[in-house]
Amino acid sequence: MTPEPVTPDAQLLEGAKAAFRQAYAPYSRFRVGAALRTPGGRVFFGANVENASYGLARCAEQSAVQAMVTAGEREFTDLVVYSEASPPASPCGACRQILFEFAPDARVVCVNHKGDVVSGLVRDFLPHGFRLEGRDDGQEVGTE
């Protein structure tokens with residue numbers, strides 16, 4: 001993670017905050033919002049969505065990636081994750097793997113309501129991430 005101060009992208013931060021307000025977290029009361037941007041400038045949002053069967057819950061980062069993929073996009077360059085945790089909540093292990101699938105070199109900025117920031121590249125959050133060698137979408141990939 002980068003020790004130097006990083007300012008989150010204003011548009012992504014506002015989007016992540018808006019998604020945060022829509023989070024469905026009746027069990028944990030731990031709300032998270034995420035916003036990501038594709039290389040073409042499209043922005044997608046996600047909120048965490050809990051379920052009484054906890055394993056069926058979806059994290060905000062996963063929701064944003066699912067929205068991106070559903071819209072036909074396959075890569076993102078920047079992600080902002082917003083929470084009220086101190087220090088700022090960073091993506092969980094499952095989210096780190098999902099993010100790595102699509103954008104190992106994307107910038108991740110985790111920020112909280114106090115303005116505290118934790119940031120780095122996706123690959124910083126998941127060193128030695130796993131990718132399959134053959135994908136059917138024409139992308140050149142391999143194990144990292």
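See the structure above.
Reference entry: report on the structure contained in this document. (Residues numbered from 1 in each chain as written. Predicted model: local features only at pLDDT ≥ 70, side-chain atom pairs only at ≥ 80, totals over all residues. Heavy atoms only, no water.)

### Some thoughts on the pairing of strand β1 (residues 32–37)
The element β1 is extensively covered by neighbouring structure, given that 6 of its 6 residues are classed as buried. Bridge count for β1 against strand β2 (residues 43–47) is 5 bridges, and the pairing is antiparallel. Residue Leu36 lies in a different strand from β2, and its bridge partner there is Phe44. Taking the residues that link successive antiparallel strands as the turn, the β1-β2 hairpin has 5 residues, and the phi of Gly41 there is positive, at about 95°. (Buried < 20%, exposed > 50% of the residue type's maximum accessible area, 1.4 Å probe, protein only. Helix = DSSP H or I, 4+ residues; strand = E, 2+ residues; numbered from the N terminus. Pairing = 2+ DSSP bridges.)

### Digging into unusual backbone geometry
Between Ser86 and the following residue, Pro87, the backbone shows a cis peptide bond with an omega angle of 0°. By the secondary structure assignment, Pro87 is in the loop between β3 (78–83) and α3 (93–102). The residue Arg29 is not glycine, and still its phi comes out positive at about 60°. Judged by relative accessible area, which is 64%, Arg29 ranks as exposed.

### Focus: the nonpolar core
Here is a general trend for soluble globular proteins: nonpolar side chains tend to be buried in one another's company. Grouped together as the largest cluster of nonpolar side chains are 21 residues, with contacts concentrated most on Leu36, Met68, Phe76, Leu79 and Val122. Secondary-structure elements contributing two or more residues to this core are β1, α2 (60–70), β3, α3, β4 (107–112) and α4 (122–125). Of all the elements, α2 adds the most residues to this core, at 4 residues. If near-sequence neighbours (up to four positions away) are discounted, Phe76 is found in contact with Leu36, Arg37, Thr38, Pro39, Met68, Leu99, Phe102, Ala103, Ala106 and Val122. (Core = buried A, V, L, I, M, F, W, Y, C linked by side-chain atoms within 4.5 Å. Contact = heavy atoms within 4.5 Å.)

### Some details on the pattern of salt bridges
Tallied over the full model, the rule gives 4 salt bridges. Between Lys17 and Glu14 there is a salt bridge, and its shortest N-O distance comes to 3.9 Å. One end of the pair is Lys17 and the other is Glu14, both in helix α1 (residues 10–22) and 3 residues apart, which spans about a single turn. Take Lys17: its relative accessible area is 25%, and that puts it in the partly exposed class. Its relative accessible area of 46% is what places Glu14 among the partly exposed residues. The closest approach of N and O atoms between Arg123 and Asp105, which form a salt bridge, is 2.7 Å. Within this pair, whereas Arg123 is found in helix α4, its partner Asp105 is found in the loop between α3 and β4, the two being separated by 18 residues in sequence. (Salt bridge = Lys/Arg side-chain N within 4 Å of Asp/Glu carboxyl O.)

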